[in-house]
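Examining the three-dimensional arrangement
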Amino acid sequence: AAGVIQSPRHLIKEKRETATLKCYPIPRHDTVYWYQQGPGQDPQFLISFYEKMQSDKGSIPDRFSAQQFSDYHSELNMSSLELGDSALYFCASSLAGGGRGYTFGSGTRLTVV
Amino acid sequence: AQSVTQLDSQVPVFEEAPVELRCNYSSSVSVYLFWYVQYPNQGLQLLLKYLSGSTLVESINGFEAEFNKSQTSFHLRKPSVHISDTAEYFCAVSDPGGTSYGKLTFGQGTILTVHP
């Protein structure tokens, strides 16, 4: 069965650079969530989209932005990268607003040097 | 607001021993409850979930969890663990009736290490 696809799997950037993470949800899923998991930390909710509209916002820095496109894939744009942005970024998708548990992607490991 | 507390950051056990990973939550509304497992350098996999109905839920690999509303707990148990169960386990909650559209709040995680 198709899963949530995230790209790239690994990304190395220098401080002050920009990064774009992509997420392709399970077909027909209309809701996408982004989480950030720092080293040894639990996942922290960043932002979510339902039917291409932002549905909820968590602890996402102003330097980050995200959107969901017409084909329901989502991109997380991160600018002015800081060392503290190094983390595993997960995307998850669900049907009809989620809440009943959803499927996570394998994550993008971002390292800022 | 919701919060989740996993009482043990690390749980070492021997193979074939029983294990319990504890999870307590705080919420002013009814919640959905989940356990996710994360193997090293991998994503989060749903282990089991409680949405409604029977308070005892089971996974396909022998784990079970019981929702206890009075104690606001959702402890994860397995009667006999295997080496392959070594992983980090996260308890999570979501608010089914709120405007958060399914946002999950995670506990701090419990690292289960199974020794031979």
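The structure under discussion appears in the preceding block.
What comes next concerns the included structure. The shown structure was predicted, so the numbers you read here are calculated from the model rather than taken from an experiment.

Cut-offs used in this document
Residues numbered from 1 in each chain as written. Chains lettered and ligands numbered in written order. Predicted model: local features only at pLDDT ≥ 70, side-chain atom pairs only at ≥ 80, totals over all residues. Heavy atoms only, no water. Helix = DSSP H or I, 4+ residues; strand = E, 2+ residues; numbered from the N terminus. Rg over C-alpha atoms; globule rule 2.2 N^0.38 Å. Buried < 20%, exposed > 50% of the residue type's maximum accessible area, 1.4 Å probe, protein only. Lys, Arg positive; Asp, Glu negative; His and termini not counted. Charge placed at Lys NZ, Arg CZ, Asp CG, Glu CD. Polar contact = N/O pair within 3.5 Å; in protein donor to acceptor, adjacent residues only side chain to side chain. Contact = heavy atoms within 4.5 Å. Buried area = accessible area lost by both parts, 1.4 Å probe. Salt bridge = Lys/Arg side-chain N within 4 Å of Asp/Glu carboxyl O. Disulfide = S-S within 2.5 Å. Core = buried A, V, L, I, M, F, W, Y, C linked by side-chain atoms within 4.5 Å.

**Side note on the overall build of chain B**
- From N to C terminus, chain B includes zero helices and twelve strands.
- Reading chain B from its N terminus to its C terminus gives the helix and strand order β-β-β-β-β-β-β-β-β-β-β-β.
- In terms of overall dimensions, chain B is globule-like: its C-alpha atoms have a radius of gyration of 14 Å, near the 13 Å expected for 116 residues.
- Here chain B, with 116 residues, has 47% of them falling under the buried criterion.
- Averaging the coordinates of the 6 positive side-chain charges in chain B and doing the same for the 10 negative ones gives two points 9 Å apart.

**Observations regarding the side chain of His29 of chain A**
Residue and element names in this part refer to chain A.
- Within the secondary structure, His29 is located in the loop between strand S3 (19-24) and strand S4 (31-37).
- There is a polar contact of 3.3 Å between the side chain of His29 and the backbone nitrogen of Ser94.
- Once residues lying within four places of it in the same chain are set aside, the contact partners of His29 are Tyr72, Ser93, Ser94 and Leu95.

**Digging into the interface of chain A and chain B**
- With 23 residues of chain A at the contact, the number on the chain B side is 21 residues.
- Regarding the contact of chain A and chain B, the summed buried area is about 1700 Å², with carbon and sulfur atoms giving 56% of it.
- One can count one salt bridge joining chain A with chain B.
- A salt bridge links Asp56 of chain A to Lys103 of chain B; the nearest nitrogen and oxygen atoms lie 4.0 Å apart.

**Brief notes about the pattern of salt bridges**
- A full pass over the atoms with the stated rule returns six salt bridges over all chains.
- Residue Asp8 of chain B is joined to Arg22 of chain B by a salt bridge in which the shortest nitrogen-to-oxygen separation is 2.9 Å. Placement of the pair is Asp8 of chain B in the loop between strand S1 (3-6) and strand S2 (10-14) and Arg22 of chain B in the loop between strand S3 (19-21) and strand S4 (23-26), with a sequence separation of 14 residues.
- With relative accessibility at 19%, the residue Asp8 of chain B sits in the buried group.
- Given the relative accessible area of 31%, Arg22 of chain B is considered partly exposed.
- Within this structure, Arg63, Glu82 and Asp85 of chain A form a network of salt bridges that share partners.

**Structural notes on the state of the cysteines**
Residues and elements named next belong to chain B.
- All told, the structure shown has two disulfides over all chains when counted by the stated rule.
- One disulfide bridge connects Cys23 with Cys91, the sulfur atoms lying 2.0 Å from each other. Taking the torsion about the S-S bond as the criterion, the Cys23 to Cys91 disulfide, at about -65°, is left-handed. Of this pair, Cys23 sits in strand S4 while Cys91 is found in strand S10 (residues 87-94), placing the two residues 68 residues apart along the sequence. The exposure classification of Cys23 matches that of Cys91, with both residues buried.

**Side note on the environment of Asn77 of chain A**
Residues and elements named next belong to chain A.
- Inspection of the secondary structure puts Asn77 in strand S8 (residues 74-78).
- Placed 14 residues apart in sequence, Asn77 and Arg63 show a C-alpha to C-alpha distance of 8.3 Å.
- With residues up to four places along the chain from it excluded, the contact list for Asn77 reads Ala19, Thr20, Arg63, Phe64 and Ser65.
- Of note is the side chain of Asn77, whose polar atom sits 2.9 Å from the side chain of Thr20.

**Re the nonpolar core**
- Formed by 27 residues in total, the largest nonpolar core has its most connected members in Leu33, Trp35, Leu47, Leu48, Phe74, Leu76 and Tyr89 of chain B.
- With near-sequence residues (within four places) excluded, Tyr89 of chain B lies in contact with Gln6, Leu21, Trp35, Tyr36, Val37, Leu47, Phe63, Leu76, Gly109, Thr110 and Leu112 of chain B.
- Leu11, Val32, Trp34 and Phe49 of chain A belong to the second-largest nonpolar core, a separate cluster that totals 22 residues.

**Regarding unusual backbone geometry**
All names here are of chain A.
- Looking along the chain, the bond that leaves Ser7 and enters Pro8 is cis, with omega of -10°.
- Mapped onto the elements, Pro8 comes out in the loop between strand S1 (5-7) and strand S2 (10-13).
- With a phi close to 75°, Arg16 is a non-glycine residue in the positive phi region.
- Here Arg16 shows up in the loop between S2 and S3.
- One non-glycine residue, Glu51, lies in the positive phi region at around 50°.
- Of note, Glu51 is situated in the loop between strand S5 (44-50) and strand S6 (53-57).
- Overall, the relative accessible area of 33% leaves Glu51 in the partly exposed class.

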